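Structural characterization, general
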Amino acid sequence: MTAVDHRPGAATASTTTPLTTEAPGPLQDAREQLRSAVELLGYDEGMFQMLAAPRREVTVSIPLRRDDGSVELLTGHRVQHNLSRGPAKGGLRFSPEVDLDEVRALAMWMTWKCALLDVPYGGAKGGVAIDPRRYSTSELERVTRRYTSEIMPVIGPTKDIPAPDIGTDEDTMAWMMDTFSVASGHTVLGVVTGKPVSLGGSLGRASATSRGVVYTALAALRHVGCEPTSATAAVQGFGKVGRGAARFLDEAGVRVLAVSDQYGGVHCADGLDLAALEAHVDETGTVTGFAGAQPVDQATLLALDVDLLVPAAVEGVLHADNAGSVRARVVVEGANGPTTTEADRLLEEQGVLVVPDILANAGGVVVSYFEWVQANQAYWWSEAEVEARLADRMASAWQQVLAESTRRQVPLRTAATCLAVRRVAEAHRQRGLYP
Ligand code: NAD
(Lines give C-alpha, C1' and ligand atoms only; values in the text may rest on other atoms or scores of the structure.)
Protein backbone atom coordinates (compact mmCIF):
# COMPACT_ATOMS: atom_id res chain seq x y z
CA MET A 1 0.00 0.00 0.00
CA THR A 2 1.30 3.46 -0.83
CA ALA A 3 -0.22 6.43 0.92
CA VAL A 4 0.15 10.19 0.93
CA ASP A 5 -1.22 11.04 4.34
CA HIS A 6 -2.12 14.51 5.58
CA ARG A 7 -3.93 15.00 8.85
CA PRO A 8 -7.43 16.49 8.66
CA GLY A 9 -7.26 20.24 9.06
CA ALA A 10 -3.64 20.41 8.04
CA ALA A 11 -2.81 22.86 5.26
CA THR A 12 -0.07 21.01 3.46
CA ALA A 13 -0.58 20.59 -0.27
CA SER A 14 0.85 17.33 -1.63
CA THR A 15 4.12 17.96 -3.36
CA THR A 16 3.59 14.88 -5.52
CA THR A 17 0.27 16.07 -6.95
CA PRO A 18 0.62 18.45 -9.90
CA LEU A 19 -1.96 21.20 -9.46
CA THR A 20 -1.77 23.11 -12.71
CA THR A 21 -0.16 21.00 -15.40
CA GLU A 22 -2.28 17.87 -15.53
CA ALA A 23 -3.66 16.58 -18.85
CA PRO A 24 -7.16 17.53 -19.99
CA GLY A 25 -9.77 15.45 -18.21
CA PRO A 26 -12.02 15.49 -15.16
CA LEU A 27 -9.27 16.55 -12.74
CA GLN A 28 -8.38 19.57 -14.83
CA ASP A 29 -12.10 20.46 -15.12
CA ALA A 30 -12.57 20.09 -11.35
CA ARG A 31 -9.56 22.29 -10.61
CA GLU A 32 -10.66 24.96 -13.09
CA GLN A 33 -14.07 25.05 -11.40
CA LEU A 34 -12.35 25.41 -8.04
CA ARG A 35 -10.08 28.13 -9.44
CA SER A 36 -13.11 30.20 -10.59
CA ALA A 37 -14.80 29.84 -7.20
CA VAL A 38 -11.63 30.74 -5.27
CA GLU A 39 -11.16 33.86 -7.41
CA LEU A 40 -14.79 34.95 -6.99
CA LEU A 41 -14.59 34.39 -3.24
CA GLY A 42 -11.39 36.40 -3.04
CA TYR A 43 -9.33 33.62 -1.44
CA ASP A 44 -5.58 33.44 -1.90
CA GLU A 45 -3.38 30.93 -3.75
CA GLY A 46 -2.68 29.05 -0.51
CA MET A 47 -6.38 28.30 -0.10
CA PHE A 48 -6.59 27.14 -3.73
CA GLN A 49 -3.60 24.84 -3.26
CA MET A 50 -5.02 23.40 -0.06
CA LEU A 51 -8.45 22.74 -1.59
CA ALA A 52 -7.05 21.45 -4.89
CA ALA A 53 -4.95 18.70 -3.30
CA PRO A 54 -6.42 15.52 -1.82
CA ARG A 55 -5.82 15.03 1.91
CA ARG A 56 -5.06 11.34 1.55
CA GLU A 57 -4.63 8.87 -1.29
CA VAL A 58 -4.31 5.11 -1.09
CA THR A 59 -3.41 2.90 -4.06
CA VAL A 60 -3.59 -0.84 -3.60
CA SER A 61 -2.84 -3.99 -5.56
CA ILE A 62 -5.63 -6.53 -5.63
CA PRO A 63 -4.50 -10.04 -6.53
CA LEU A 64 -7.52 -11.96 -7.81
CA ARG A 65 -7.76 -15.71 -8.17
CA ARG A 66 -9.99 -16.23 -11.20
CA ASP A 67 -12.52 -19.06 -11.28
CA ASP A 68 -10.19 -21.01 -13.62
CA GLY A 69 -7.38 -20.90 -11.01
CA SER A 70 -5.23 -18.25 -12.74
CA VAL A 71 -4.17 -15.11 -10.84
CA GLU A 72 -4.69 -11.57 -12.11
CA LEU A 73 -3.44 -8.36 -10.51
CA LEU A 74 -5.85 -5.42 -10.35
CA THR A 75 -5.30 -1.88 -9.08
CA GLY A 76 -7.62 0.07 -6.80
CA HIS A 77 -7.63 3.57 -5.31
CA ARG A 78 -9.30 5.40 -2.48
CA VAL A 79 -8.88 9.17 -2.43
CA GLN A 80 -10.07 11.33 0.47
CA HIS A 81 -10.19 14.83 -0.86
CA ASN A 82 -11.28 16.67 2.27
CA LEU A 83 -12.09 15.76 5.87
CA SER A 84 -12.68 19.16 7.42
CA ARG A 85 -16.47 18.96 7.77
CA GLY A 86 -16.65 15.31 8.84
CA PRO A 87 -15.77 11.81 7.69
CA ALA A 88 -15.10 11.37 3.98
CA LYS A 89 -17.97 10.11 1.83
CA GLY A 90 -18.08 8.88 -1.75
CA GLY A 91 -18.82 6.02 -4.08
CA LEU A 92 -16.78 3.06 -5.26
CA ARG A 93 -16.53 2.61 -9.01
CA PHE A 94 -15.68 -0.58 -10.93
CA SER A 95 -14.76 0.46 -14.46
CA PRO A 96 -11.89 -0.22 -16.88
CA GLU A 97 -11.41 3.57 -17.27
CA VAL A 98 -10.64 4.15 -13.56
CA ASP A 99 -7.36 5.96 -12.92
CA LEU A 100 -6.03 8.03 -10.05
CA ASP A 101 -6.76 11.42 -11.64
CA GLU A 102 -10.37 10.44 -12.32
CA VAL A 103 -10.78 9.32 -8.70
CA ARG A 104 -9.17 12.57 -7.48
CA ALA A 105 -11.66 14.65 -9.50
CA LEU A 106 -14.63 12.62 -8.32
CA ALA A 107 -13.46 12.92 -4.70
CA MET A 108 -13.20 16.71 -5.00
CA TRP A 109 -16.72 16.93 -6.44
CA MET A 110 -17.95 14.84 -3.50
CA THR A 111 -16.51 17.41 -1.09
CA TRP A 112 -18.44 20.20 -2.80
CA LYS A 113 -21.61 18.10 -3.04
CA CYS A 114 -21.61 17.25 0.67
CA ALA A 115 -20.93 20.86 1.63
CA LEU A 116 -23.58 22.21 -0.76
CA LEU A 117 -26.25 19.88 0.63
CA ASP A 118 -24.93 20.56 4.13
CA VAL A 119 -24.41 16.91 5.07
CA PRO A 120 -21.62 16.56 7.64
CA TYR A 121 -19.05 14.88 5.43
CA GLY A 122 -15.93 15.54 3.46
CA GLY A 123 -15.45 14.04 0.02
CA ALA A 124 -13.90 10.78 -1.16
CA LYS A 125 -14.05 8.36 -4.05
CA GLY A 126 -12.82 4.88 -4.76
CA GLY A 127 -12.22 2.96 -7.93
CA VAL A 128 -10.97 -0.38 -9.17
CA ALA A 129 -9.81 -0.64 -12.78
CA ILE A 130 -11.92 -3.60 -13.84
CA ASP A 131 -14.68 -4.29 -16.35
CA PRO A 132 -17.22 -6.03 -14.09
CA ARG A 133 -19.06 -7.54 -17.07
CA ARG A 134 -16.06 -9.82 -17.69
CA TYR A 135 -16.06 -11.37 -14.21
CA SER A 136 -18.31 -13.82 -12.38
CA THR A 137 -20.21 -12.79 -9.25
CA SER A 138 -17.87 -14.79 -7.03
CA GLU A 139 -14.82 -13.15 -8.67
CA LEU A 140 -16.35 -9.71 -8.06
CA GLU A 141 -16.98 -10.66 -4.44
CA ARG A 142 -13.30 -11.65 -4.03
CA VAL A 143 -12.16 -8.38 -5.64
CA THR A 144 -14.45 -6.38 -3.34
CA ARG A 145 -13.35 -8.17 -0.19
CA ARG A 146 -9.64 -7.87 -0.99
CA TYR A 147 -9.99 -4.19 -1.93
CA THR A 148 -11.92 -3.56 1.31
CA SER A 149 -9.34 -5.33 3.38
CA GLU A 150 -6.51 -3.32 1.71
CA ILE A 151 -8.19 0.06 2.38
CA MET A 152 -9.44 -0.98 5.84
CA PRO A 153 -7.04 1.33 7.71
CA VAL A 154 -8.63 4.44 6.17
CA ILE A 155 -12.36 3.57 6.12
CA GLY A 156 -14.98 3.28 8.87
CA PRO A 157 -18.17 5.03 10.04
CA THR A 158 -16.20 7.93 11.50
CA LYS A 159 -13.46 8.00 8.83
CA ASP A 160 -14.70 7.31 5.31
CA ILE A 161 -17.97 5.74 4.20
CA PRO A 162 -18.10 4.22 0.67
CA ALA A 163 -21.29 3.80 -1.41
CA PRO A 164 -22.20 2.37 -4.84
CA ASP A 165 -21.25 4.08 -8.11
CA ILE A 166 -20.68 2.91 -11.69
CA GLY A 167 -20.37 -0.88 -11.84
CA THR A 168 -21.11 -1.50 -8.15
CA ASP A 169 -24.38 -2.07 -6.31
CA GLU A 170 -25.96 -3.08 -3.01
CA ASP A 171 -24.32 -6.53 -3.17
CA THR A 172 -20.90 -4.85 -3.37
CA MET A 173 -21.80 -2.80 -0.29
CA ALA A 174 -22.97 -5.90 1.60
CA TRP A 175 -19.60 -7.61 0.90
CA MET A 176 -17.71 -4.50 2.02
CA MET A 177 -19.75 -4.23 5.20
CA ASP A 178 -19.25 -7.93 5.96
CA THR A 179 -15.48 -7.83 5.31
CA PHE A 180 -15.06 -4.78 7.54
CA SER A 181 -17.32 -6.28 10.24
CA VAL A 182 -15.52 -9.63 10.31
CA ALA A 183 -12.18 -7.85 10.76
CA SER A 184 -13.67 -5.63 13.50
CA GLY A 185 -15.20 -8.56 15.37
CA HIS A 186 -18.71 -7.08 15.32
CA THR A 187 -21.25 -5.85 12.79
CA VAL A 188 -20.53 -2.30 11.63
CA LEU A 189 -23.54 -1.16 9.62
CA GLY A 190 -22.36 2.44 9.27
CA VAL A 191 -19.17 1.65 7.30
CA VAL A 192 -20.96 1.82 3.92
CA THR A 193 -24.24 3.14 2.56
CA GLY A 194 -26.35 1.84 -0.30
CA LYS A 195 -26.64 -1.53 1.46
CA PRO A 196 -29.59 -3.89 0.93
CA VAL A 197 -32.57 -2.79 3.05
CA SER A 198 -32.49 -6.18 4.81
CA LEU A 199 -28.94 -5.37 6.00
CA GLY A 200 -29.48 -1.87 7.34
CA GLY A 201 -29.94 -0.04 4.06
CA SER A 202 -32.36 2.87 3.92
CA LEU A 203 -35.70 2.71 2.24
CA GLY A 204 -35.58 5.13 -0.68
CA ARG A 205 -31.76 4.98 -1.12
CA ALA A 206 -31.79 3.01 -4.38
CA SER A 207 -33.98 5.62 -6.10
CA ALA A 208 -32.62 8.69 -4.28
CA THR A 209 -30.13 9.94 -6.90
CA SER A 210 -32.69 9.65 -9.68
CA ARG A 211 -35.38 11.32 -7.57
CA GLY A 212 -33.01 14.19 -6.83
CA VAL A 213 -32.17 14.53 -10.53
CA VAL A 214 -35.87 14.77 -11.33
CA TYR A 215 -36.66 17.25 -8.51
CA THR A 216 -34.02 19.59 -9.90
CA ALA A 217 -34.99 18.92 -13.52
CA LEU A 218 -38.62 19.85 -12.86
CA ALA A 219 -37.56 22.99 -10.96
CA ALA A 220 -35.15 23.96 -13.75
CA LEU A 221 -37.75 23.41 -16.48
CA ARG A 222 -40.21 25.63 -14.63
CA HIS A 223 -37.45 28.19 -14.12
CA VAL A 224 -37.00 28.53 -17.90
CA GLY A 225 -40.77 28.77 -18.37
CA CYS A 226 -41.34 25.21 -19.56
CA GLU A 227 -44.21 23.33 -17.92
CA PRO A 228 -43.00 19.74 -17.30
CA THR A 229 -46.23 18.17 -18.60
CA SER A 230 -45.54 19.67 -22.02
CA ALA A 231 -41.77 19.04 -21.93
CA THR A 232 -39.68 16.41 -23.71
CA ALA A 233 -36.43 14.78 -22.56
CA ALA A 234 -33.51 12.59 -23.57
CA VAL A 235 -31.51 10.56 -21.05
CA GLN A 236 -28.00 9.22 -21.65
CA GLY A 237 -27.16 6.19 -19.48
CA PHE A 238 -29.73 3.65 -18.31
CA GLY A 239 -28.13 2.39 -15.10
CA LYS A 240 -28.94 3.15 -11.47
CA VAL A 241 -29.27 6.89 -12.12
CA GLY A 242 -30.50 7.18 -15.73
CA ARG A 243 -33.13 4.46 -15.55
CA GLY A 244 -34.80 5.90 -12.44
CA ALA A 245 -34.53 9.43 -13.83
CA ALA A 246 -36.31 8.38 -17.04
CA ARG A 247 -39.04 6.63 -15.03
CA PHE A 248 -39.63 9.54 -12.62
CA LEU A 249 -39.64 12.06 -15.48
CA ASP A 250 -42.25 9.95 -17.21
CA GLU A 251 -44.30 9.77 -14.00
CA ALA A 252 -44.10 13.58 -13.74
CA GLY A 253 -45.59 13.91 -17.23
CA VAL A 254 -42.36 14.68 -19.13
CA ARG A 255 -42.25 12.77 -22.43
CA VAL A 256 -38.96 10.85 -22.59
CA LEU A 257 -38.15 10.58 -26.30
CA ALA A 258 -34.77 8.84 -26.17
CA VAL A 259 -32.44 6.93 -23.85
CA SER A 260 -29.11 5.20 -24.36
CA ASP A 261 -26.62 2.94 -22.65
CA GLN A 262 -23.07 1.94 -23.55
CA TYR A 263 -24.36 -0.34 -26.34
CA GLY A 264 -26.47 2.30 -28.16
CA GLY A 265 -29.70 4.26 -27.90
CA VAL A 266 -33.39 4.17 -28.79
CA HIS A 267 -35.71 6.99 -29.87
CA CYS A 268 -39.46 7.36 -30.25
CA ALA A 269 -40.83 10.73 -31.38
CA ASP A 270 -44.12 10.16 -29.48
CA GLY A 271 -42.37 9.26 -26.22
CA LEU A 272 -40.97 5.91 -25.11
CA ASP A 273 -43.15 3.37 -23.32
CA LEU A 274 -40.89 3.27 -20.23
CA ALA A 275 -42.54 0.24 -18.59
CA ALA A 276 -42.11 -1.82 -21.77
CA LEU A 277 -38.53 -0.55 -22.19
CA GLU A 278 -37.63 -1.50 -18.61
CA ALA A 279 -39.04 -4.99 -19.17
CA HIS A 280 -36.89 -5.24 -22.32
CA VAL A 281 -33.77 -4.14 -20.40
CA ASP A 282 -34.48 -6.64 -17.60
CA GLU A 283 -34.63 -9.37 -20.21
CA THR A 284 -31.73 -8.39 -22.50
CA GLY A 285 -29.44 -6.17 -20.36
CA THR A 286 -29.57 -3.27 -22.86
CA VAL A 287 -31.96 -0.69 -24.30
CA THR A 288 -30.87 -1.60 -27.84
CA GLY A 289 -33.21 -3.80 -29.84
CA PHE A 290 -36.31 -2.41 -28.08
CA ALA A 291 -39.17 -3.04 -30.49
CA GLY A 292 -41.13 0.10 -29.55
CA ALA A 293 -38.51 2.57 -30.83
CA GLN A 294 -35.93 3.37 -33.51
CA PRO A 295 -32.17 3.07 -32.93
CA VAL A 296 -30.31 6.32 -32.27
CA ASP A 297 -26.57 6.87 -31.86
CA GLN A 298 -25.03 8.68 -28.88
CA ALA A 299 -24.13 11.84 -30.83
CA THR A 300 -27.64 12.21 -32.22
CA LEU A 301 -29.21 11.65 -28.80
CA LEU A 302 -27.18 14.48 -27.28
CA ALA A 303 -28.27 16.81 -30.11
CA LEU A 304 -31.99 15.95 -30.10
CA ASP A 305 -34.53 18.76 -30.15
CA VAL A 306 -35.80 18.23 -26.59
CA ASP A 307 -36.39 20.57 -23.66
CA LEU A 308 -34.30 18.57 -21.21
CA LEU A 309 -31.10 16.56 -21.62
CA VAL A 310 -29.94 14.33 -18.75
CA PRO A 311 -26.43 12.93 -19.20
CA ALA A 312 -26.38 10.11 -16.62
CA ALA A 313 -23.49 7.90 -17.74
CA VAL A 314 -19.84 9.02 -17.56
CA GLU A 315 -17.61 12.12 -17.53
CA GLY A 316 -16.75 14.36 -20.44
CA VAL A 317 -19.57 13.41 -22.85
CA LEU A 318 -20.41 17.08 -23.58
CA HIS A 319 -17.22 18.63 -24.92
CA ALA A 320 -15.97 21.38 -27.21
CA ASP A 321 -16.77 19.40 -30.36
CA ASN A 322 -20.42 18.58 -29.62
CA ALA A 323 -21.69 21.21 -27.15
CA GLY A 324 -22.57 23.51 -30.07
CA SER A 325 -25.09 20.97 -31.35
CA VAL A 326 -27.01 20.63 -28.05
CA ARG A 327 -30.56 21.89 -28.63
CA ALA A 328 -32.01 21.20 -25.16
CA ARG A 329 -32.93 24.27 -23.10
CA VAL A 330 -31.88 22.59 -19.86
CA VAL A 331 -29.08 20.11 -19.14
CA VAL A 332 -29.33 18.35 -15.77
CA GLU A 333 -26.18 16.45 -14.86
CA GLY A 334 -27.16 13.04 -13.53
CA ALA A 335 -23.56 11.88 -14.06
CA ASN A 336 -20.56 13.38 -12.34
CA GLY A 337 -18.54 15.66 -14.62
CA PRO A 338 -20.37 15.04 -17.92
CA THR A 339 -19.64 18.59 -19.17
CA THR A 340 -16.09 19.76 -19.81
CA THR A 341 -15.08 23.32 -18.95
CA GLU A 342 -15.04 24.31 -22.62
CA ALA A 343 -18.50 22.78 -23.20
CA ASP A 344 -19.77 24.67 -20.15
CA ARG A 345 -18.69 27.95 -21.75
CA LEU A 346 -20.30 27.07 -25.08
CA LEU A 347 -23.57 26.00 -23.47
CA GLU A 348 -23.71 29.21 -21.49
CA GLU A 349 -23.18 31.24 -24.67
CA GLN A 350 -26.04 29.31 -26.29
CA GLY A 351 -28.31 30.15 -23.33
CA VAL A 352 -28.59 26.53 -22.15
CA LEU A 353 -29.24 26.25 -18.41
CA VAL A 354 -26.84 23.64 -16.96
CA VAL A 355 -27.78 22.26 -13.53
CA PRO A 356 -24.44 21.03 -12.18
CA ASP A 357 -23.74 17.53 -10.91
CA ILE A 358 -22.94 18.63 -7.36
CA LEU A 359 -26.54 19.81 -7.07
CA ALA A 360 -28.45 17.64 -9.54
CA ASN A 361 -27.22 14.20 -8.48
CA ALA A 362 -26.82 14.95 -4.77
CA GLY A 363 -29.96 12.99 -3.82
CA GLY A 364 -27.82 9.86 -3.45
CA VAL A 365 -25.48 11.30 -0.86
CA VAL A 366 -28.36 12.94 1.01
CA VAL A 367 -30.10 9.59 1.50
CA SER A 368 -26.74 7.94 2.16
CA TYR A 369 -26.46 10.40 5.03
CA PHE A 370 -29.96 9.40 6.18
CA GLU A 371 -28.90 5.73 5.98
CA TRP A 372 -25.78 6.40 8.07
CA VAL A 373 -27.85 8.31 10.65
CA GLN A 374 -30.39 5.45 10.81
CA ALA A 375 -27.61 2.83 11.09
CA ASN A 376 -25.85 4.76 13.85
CA GLN A 377 -29.13 5.09 15.78
CA ALA A 378 -30.43 1.61 14.85
CA TYR A 379 -33.77 3.30 14.18
CA TRP A 380 -35.38 3.08 10.74
CA TRP A 381 -37.49 5.64 8.96
CA SER A 382 -40.42 5.03 6.62
CA GLU A 383 -39.92 5.51 2.87
CA ALA A 384 -42.33 8.46 2.94
CA GLU A 385 -40.23 10.14 5.63
CA VAL A 386 -37.01 9.59 3.65
CA GLU A 387 -38.55 10.99 0.48
CA ALA A 388 -40.08 14.02 2.20
CA ARG A 389 -36.74 14.91 3.84
CA LEU A 390 -34.91 14.39 0.53
CA ALA A 391 -37.36 16.65 -1.30
CA ASP A 392 -36.86 19.36 1.36
CA ARG A 393 -33.07 19.20 1.07
CA MET A 394 -33.09 19.27 -2.73
CA ALA A 395 -35.57 22.16 -2.86
CA SER A 396 -33.56 24.16 -0.36
CA ALA A 397 -30.25 23.54 -2.21
CA TRP A 398 -31.85 24.50 -5.54
CA GLN A 399 -33.17 27.77 -4.06
CA GLN A 400 -29.78 28.60 -2.50
CA VAL A 401 -27.90 27.95 -5.75
CA LEU A 402 -30.41 29.94 -7.78
CA ALA A 403 -30.18 32.88 -5.37
CA GLU A 404 -26.36 32.79 -5.41
CA SER A 405 -26.34 32.62 -9.20
CA THR A 406 -28.65 35.65 -9.43
CA ARG A 407 -26.71 37.59 -6.81
CA ARG A 408 -23.32 36.99 -8.43
CA GLN A 409 -24.60 36.88 -12.02
CA VAL A 410 -22.78 33.61 -12.65
CA PRO A 411 -23.85 30.19 -14.02
CA LEU A 412 -25.39 27.67 -11.61
CA ARG A 413 -22.18 25.60 -11.48
CA THR A 414 -20.07 28.53 -10.39
CA ALA A 415 -22.72 29.55 -7.85
CA ALA A 416 -22.97 26.02 -6.43
CA THR A 417 -19.19 25.64 -6.25
CA CYS A 418 -18.84 29.03 -4.53
CA LEU A 419 -21.41 28.09 -1.87
CA ALA A 420 -19.71 24.77 -1.25
CA VAL A 421 -16.12 26.05 -1.29
CA ARG A 422 -17.04 28.82 1.14
CA ARG A 423 -18.43 26.26 3.62
CA VAL A 424 -15.33 24.08 3.36
CA ALA A 425 -12.96 27.06 3.61
CA GLU A 426 -14.90 28.27 6.66
CA ALA A 427 -14.44 24.87 8.32
CA HIS A 428 -10.69 25.08 7.62
CA ARG A 429 -10.54 28.56 9.08
CA GLN A 430 -12.48 27.64 12.22
CA ARG A 431 -10.45 24.48 12.86
CA GLY A 432 -7.17 26.28 12.29
CA LEU A 433 -3.95 24.69 11.16
CA TYR A 434 -2.37 21.94 13.22
CA PRO A 435 1.32 22.77 13.07
P1 NAD B 1 -24.35 2.37 -13.54
O2 NAD B 1 -23.15 1.53 -13.71
O3 NAD B 1 -25.51 1.84 -12.77
O4 NAD B 1 -24.92 2.83 -14.98
C5 NAD B 1 -24.14 3.48 -15.93
C6 NAD B 1 -24.93 3.53 -17.24
O7 NAD B 1 -24.23 4.31 -18.21
C8 NAD B 1 -25.15 2.16 -17.87
O9 NAD B 1 -26.44 2.13 -18.46
C10 NAD B 1 -24.07 2.11 -18.98
O11 NAD B 1 -24.43 1.22 -20.01
C12 NAD B 1 -24.11 3.55 -19.42
N13 NAD B 1 -22.93 4.01 -20.13
C14 NAD B 1 -21.63 3.83 -19.82
N15 NAD B 1 -20.85 4.44 -20.73
C16 NAD B 1 -21.69 5.05 -21.60
C17 NAD B 1 -21.50 5.86 -22.74
N18 NAD B 1 -20.30 6.16 -23.18
N19 NAD B 1 -22.60 6.31 -23.39
C20 NAD B 1 -23.84 6.03 -22.96
N21 NAD B 1 -24.08 5.28 -21.88
C22 NAD B 1 -23.01 4.78 -21.22
O23 NAD B 1 -23.84 3.74 -12.90
P24 NAD B 1 -24.71 4.83 -12.12
O25 NAD B 1 -24.62 4.55 -10.67
O26 NAD B 1 -26.03 4.98 -12.79
O27 NAD B 1 -23.80 6.13 -12.37
C28 NAD B 1 -23.94 6.93 -13.54
C29 NAD B 1 -23.33 8.29 -13.26
O30 NAD B 1 -24.01 8.90 -12.14
C31 NAD B 1 -21.85 8.28 -12.87
O32 NAD B 1 -21.25 9.46 -13.34
C33 NAD B 1 -21.89 8.30 -11.34
O34 NAD B 1 -20.70 8.79 -10.77
C35 NAD B 1 -23.06 9.25 -11.14
N36 NAD B 1 -23.69 9.17 -9.81
C37 NAD B 1 -24.18 8.00 -9.35
C38 NAD B 1 -24.80 7.98 -8.10
C39 NAD B 1 -25.45 6.73 -7.55
O40 NAD B 1 -26.10 6.82 -6.49
N41 NAD B 1 -25.34 5.61 -8.19
C42 NAD B 1 -24.87 9.15 -7.33
C43 NAD B 1 -24.37 10.34 -7.85
C44 NAD B 1 -23.78 10.33 -9.10
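In this text, all values refer to a predicted model and were calculated from it rather than measured experimentally.

Along the chain, lysine 195 falls in the loop between helix H5 (170–184) and helix H6 (208–223). Considering only alpha carbons, one finds lysine 195 and aspartate 169, 26 residues apart in sequence, at a separation of 8.1 Å. Setting aside chain neighbours within four positions, we find lysine 195 in contact with Glu170, Met173, Met177, Leu189, Gly200, Gly201 and Glu371. At 2.7 Å, the side chain of lysine 195 and the backbone oxygen of valine 192 are in polar contact.

Another aspect to go through is the site of the ligand. The local shell around the ligand holds 23 residues, among which Arg93, Asp165, Thr209, Gln262 and Asn336 are the closest. Valine 241 is positioned such that a nitrogen or oxygen atom in its backbone is 2.9 Å from an oxygen atom of the ligand. A distance of 3.3 Å is found between an oxygen atom of the ligand and a backbone nitrogen or oxygen belonging to alanine 313. About the coverage of the ligand: the protein hides 85% of its 830 Å² of free accessible area. Where the shell around the ligand is concerned, the elements lending two or more residues are helix H7 (240–251) and strand E8 (255–261).

So, about helix H1 (residues 26–41). Its 16 residues give H1 an end-to-end C-alpha distance of 22 Å, which sits within 8% of 22 Å, the value for a rise of 1.5 Å per residue. Of all the residues in H1, the buried ones are Leu27, Asp29, Ala30, Arg31, Gln33, Leu34, Ala37, Val38 and Leu41. Two residues or fewer after H1 comes glycine 42, characterised by a positive phi angle close to 75 degrees.

Per-residue confidence for the chain gives a mean pLDDT of 94; residues scoring 70 or more make up 95%. Below a pLDDT of 50 lies the segment residues 1–18, which in the model reaches 45 contacts outside its immediate sequence neighbourhood of four places, other chains included.

Okay, the packing of helix H12 (residues 363–377) against helix H13 (residues 383–408) next. Where H12 meets H13, the axes come as close as 10 Å, and the angle between the chain directions of the two elements is 135 degrees. Accordingly, the angle class assigned to the pair H12 and H13 is oblique. Once H12 is placed against H13, the crossing between them reads as right-handed. When H12 is examined against H13, the residues Gly363, Val366, Val367, Tyr369, Phe370 and Gln374 are found in contact with a partner set consisting of Val386, Arg389, Leu390, Arg393 and Met394. Across the contact of H12 with H13, the residue classes break down as seven nonpolar, two polar and two charged.

Taken as a whole and judged by the stated rule, the model has five aromatic pairs. Look at tyrosine 121 and tyrosine 369: their rings are 5.9 Å apart centre to centre, the planes differ by 90 degrees, and that puts the pair in the edge-to-face class. On the criterion of sequence distance, the pair formed by tyrosine 121 in the loop between helix H3 (100–116) and strand E5 (122–129) and tyrosine 369 in helix H12 is long-range, its members being 248 residues apart. Since its relative accessible area comes to 17%, tyrosine 369 is described here as buried. Between tyrosine 369 and tryptophan 372, the aromatic rings sit 6.3 Å apart at their centres with planes inclined by 35 degrees, giving tilted as the arrangement. A residue pair is termed a helical-turn pair when its members lie 3 or 4 positions apart in one helix, as tyrosine 369 and tryptophan 372 do in helix H12 at three residues. Tryptophan 372 carries the same exposure label as tyrosine 369, and that label is buried. Ring pairing ties together the aromatic residues Tyr121, Tyr369, Phe370, Trp372 and Trp381, which thus form one cluster. Sitting over the ring of phenylalanine 48, arginine 35 keeps its end group 3.7 Å from the ring centre. Between arginine 211 and the ring centre of phenylalanine 248, over which it is positioned, the NZ or CZ distance is 4.0 Å.

Here the focus is the nonpolar core. Ranked by size, the top nonpolar core spans 89 residues in total, and within it Trp112, Leu249, Val259, Leu272 and Leu277 carry the most contacts. Counting residues domain by domain, this core receives three or more from each of domain 1 (2–193) and domain 2 (208–360). What leucine 249 contacts, discounting residues up to four positions off in sequence, is Val214, Ala217, Leu218, Ala233, Val235, Val254, Val256, Leu308 and Val310. Ranked by size, the runner-up nonpolar core spans 25 residues in total, among them Val128, Val154, Met176 and Met177.

On to the pattern of salt bridges. Summed over all chains, the structure comprises 31 salt bridges. A salt bridge links aspartate 101 to arginine 104, with the nearest nitrogen and oxygen atoms 2.8 Å apart. With aspartate 101 and arginine 104 both in helix H3 and three residues apart, this pair spans about one turn of that helix. For arginine 104, a relative accessible area of 10% translates into the label buried. Residue glutamate 426 is joined to arginine 429 by a salt bridge in which the shortest nitrogen-to-oxygen separation is 3.0 Å. Of this pair, glutamate 426 and arginine 429 both sit in helix H14 (residues 412–431), three residues apart, which is roughly one turn of that helix. According to the relative accessible area criterion, glutamate 426 is partly exposed, its value standing at 33%.

Reading the values: rules and limits
Residues numbered from 1 in each chain as written. Predicted model: local features only at pLDDT ≥ 70, side-chain atom pairs only at ≥ 80, totals over all residues. Heavy atoms only, no water. Helix = DSSP H or I, 4+ residues; strand = E, 2+ residues; numbered from the N terminus. Contact = heavy atoms within 4.5 Å. Polar contact = N/O pair within 3.5 Å; in protein donor to acceptor, adjacent residues only side chain to side chain. Near = heavy atom within 4 Å. Areas by Shrake-Rupley, 256 points an atom, 1.4 Å probe, with all protein chains shown as cover. Expected span 1.5 Å × (residues − 1). Buried < 20%, exposed > 50% of the residue type's maximum accessible area, 1.4 Å probe, protein only. pLDDT = per-residue confidence, 0-100. Axes fitted to C-alpha atoms, helices over the stretch in contact; angles between N-to-C directions. Parallel < 35°, antiparallel > 145°, perpendicular 65-115°, else oblique. Left-handed = near helix turned anticlockwise from the far one by under 90°. Nonpolar A, V, L, I, M, F, W, Y, C, P; charged D, E, K, R; others polar. Phe/Tyr/Trp six-rings, centres within 6.5 Å; stacked < 30°, edge-to-face > 60°. Lys NZ or Arg CZ within 6 Å of the ring centre and 35° of its normal. Core = buried A, V, L, I, M, F, W, Y, C linked by side-chain atoms within 4.5 Å. Domains from an automatic or database assignment. Salt bridge = Lys/Arg side-chain N within 4 Å of Asp/Glu carboxyl O.

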